[in-house]
Amino acid sequence: MASKGDSKASRSTSVSPYRNPRTATRRVLAMVILAGAAPGWLHASQINSVDAVLDRYQHALGGVSAIAKVQSITMRGEIDGAGMTAKASFVFLAKPFKTLIKITRIDGTEVSAGFDGTVSWSIDPKGASIDKDTAPEAVRRDADLQYALHQPTYFKKLEFAGVTDFEGHPCYWLHGTTHWGKDNSQFYNVQTGLLEGYRFQVDNASGAVATVQFQDYKSFGGPLVATKVTSRSGDRWRTFTYTSVSYAPVADSVFDLPQAVKALL
């Protein structure tokens, strides 16, 4: 899931197309959780509002109760992209407003990043760091496991902007401004209701624009998951491929701050 300032993590992991991959990676993963395919239960001509688009999306995911049932998730997969000589593997764990990702690169070195509900942090072979560049509201949004139920609450303005093309697909376009002042667009496939992707200002001071595209949806026993997610910013790109998803309970202690991060506090 998304995109902060230059950091130890961004210099060493090459995981994200943004300056700081910590929240970007979590954001991509969080968005994947809630991207699902939709039956044509509402005729396309009836969709002309934010509520109609999002209601259809919630229905696509299996309904409000199905989304709310996801209280823990563990996702595993690989990361590939520009500037990477080989794929990295990752495991991502989340509970509502808590996340942890561990990335293992081809040379065996590891990078981890997390959010315990208050502190956004990362650790790489050069040491630990705390994210002070991102709006706290953005970090919390990226860790919202039920984001599909809460989307409008993160926007000071969110409007239905009509139908437009996104990556070759005709999509309903929702355009808004977050409470922390970032431009954000969401695109939902006209035919399926499926979330096709996002285009947004990254959540640091750079003003850079990024896109995230969702593909190859599969079921793992819960809401459908986009198993291929590509993020782009400028000429940089990263593709996350998800090979397994589990909804088994994850202990709260998993998200405790590492000692190296506590030392910085």
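Residues numbered from 1 in each chain as written. Predicted model: local features only at pLDDT ≥ 70, side-chain atom pairs only at ≥ 80, totals over all residues. Heavy atoms only, no water.

Engineer: Hey, could you run me through the nonpolar core in this one?
Structural biologist: A general tendency of soluble globular proteins is for nonpolar side chains to be buried together. By size, the foremost hydrophobic cluster in this structure holds 50 residues, and its most contacted members are M75, F90, I103, L174, Y188, F214 and V229. When residues of this core are assigned to their parent elements, the largest contribution, 5 residues, is made by helix α3 (residues 50–60). Grouped together as the second largest cluster of nonpolar side chains are 11 residues, L93, L100, V119 and F255 included. (Core = buried A, V, L, I, M, F, W, Y, C linked by side-chain atoms within 4.5 Å. Buried < 20%, exposed > 50% of the residue type's maximum accessible area, 1.4 Å probe, protein only. Helix = DSSP H or I, 4+ residues; strand = E, 2+ residues; numbered from the N terminus.)

Engineer: Got a minute to help me understand the packing of aromatic side chains in this structure?
Structural biologist: The relation between two aromatic rings is expressed through the spacing of the ring centres and the mutual angle of the planes. Summed over all chains, the structure comprises 8 aromatic pairs. Residues Y147 and Y154 carry aromatic rings whose centres are separated by 5.7 Å and whose planes lie at 40° to one another, so their mutual orientation is tilted. With a relative accessible area of 9%, Y147 lands in the buried category. A residue is classified by how much of its surface remains accessible, and Y154, at 11% relative accessible area, is buried. Consider the rings of W173 and F187, whose centres lie 6.3 Å apart with planes at 20°: the pair is stacked. Placement of the pair is W173 in strand β8 (residues 169–178) and F187 in strand β9 (residues 183–189), with a sequence separation of 14 residues. Look at F187 and you get buried, because its relative accessible area is 2%. Aromatic rings pair up to connect F90, F240 and Y242 into one cluster. In this structure, R140 is placed above the aromatic ring of F97, and the distance from its NZ or CZ to the ring centre is 3.8 Å. (Phe/Tyr/Trp six-rings, centres within 6.5 Å; stacked < 30°, edge-to-face > 60°. Lys NZ or Arg CZ within 6 Å of the ring centre and 35° of its normal.)

Engineer: Looking at this model, I keep getting lost on the environment of K87. Mind explaining?
Structural biologist: With respect to the helices, strands and loops of the structure, K87 is situated in the loop between β1 (73–81) and β2 (88–95). Residue classification places K87 among the partly exposed positions, given a relative accessible area of 46%. The sequence separation of K87 and I106 amounts to 19 residues, and the corresponding C-alpha distance is 6.7 Å. If we ignore the near neighbours within four places in the chain, the residues touching K87 are E78, I79, D80 and I106. (Contact = heavy atoms within 4.5 Å.)

Engineer: Explanation requested: α3 in the structure shown.
Structural biologist: When you tally the buried positions in α3, you get 8 out of 11 residues, the bulk of the element. Those residues of α3 that sit buried are V50, A52, V53, L54, R56, Y57, Q58 and A60.

Engineer: Honestly, the side chain of T177 in this entry has me stumped. Any pointers?
Structural biologist: Mapped onto the elements of the fold, T177 is located in strand β8. Given the relative accessible area of 17%, T177 is considered buried. Contacts of T177, omitting those with residues within four sequence positions, involve F155, K156, K157 and K182.

Engineer: Help me understand unusual backbone geometry in this model?
Structural biologist: Working note: non-glycine residues mostly have negative phi, and peptide bonds are mostly trans. The backbone phi angle of F97 is positive, close to 65°, even though this residue is not glycine. Residue position: F97 is located in the loop between β2 and β3 (98–104). The exposure class assigned to F97 is buried, which follows from its relative accessible area of 19%.

Engineer: Would you take a moment to explain the pattern of salt bridges for this structure?
Structural biologist: When the charged atoms of two side chains lie near each other, side chains of opposite charge can form a pair. Taken as a whole, this structure holds 4 salt bridges when the rule is applied. Close ionic contact of R141 with D142 constitutes a salt bridge, the shortest N to O distance being 2.8 Å. Of the two residues, R141 and D142, neither departs from the other in class, the shared state being buried. When the shortest N-O distance is used, the salt bridge between D203 and R141 registers 2.8 Å. A residue pair is termed long-range when its members are at least 10 positions apart, and D203 in the loop between β10 (195–201) and β11 (209–218) and R141 in helix α5 (residues 136–142) qualify at 62 residues. Under the relative-accessibility criterion, R141 is labelled buried at 4%. It is possible to trace a salt-bridge network through shared partners that takes in R141, D142 and D203. (Salt bridge = Lys/Arg side-chain N within 4 Å of Asp/Glu carboxyl O.)

Engineer: For this particular structure, what's the right way to read the pairing of strand β6 (residues 127–130)?
Structural biologist: Of the pairings in the sheet, the one linking strand β5 (residues 120–124) to β6 comprises 4 bridges and is antiparallel in character. The partner of S122 across the bridge, within β6, is S129. The turn linking β5 back onto β6 is made up of 2 residues. (Pairing = 2+ DSSP bridges.)

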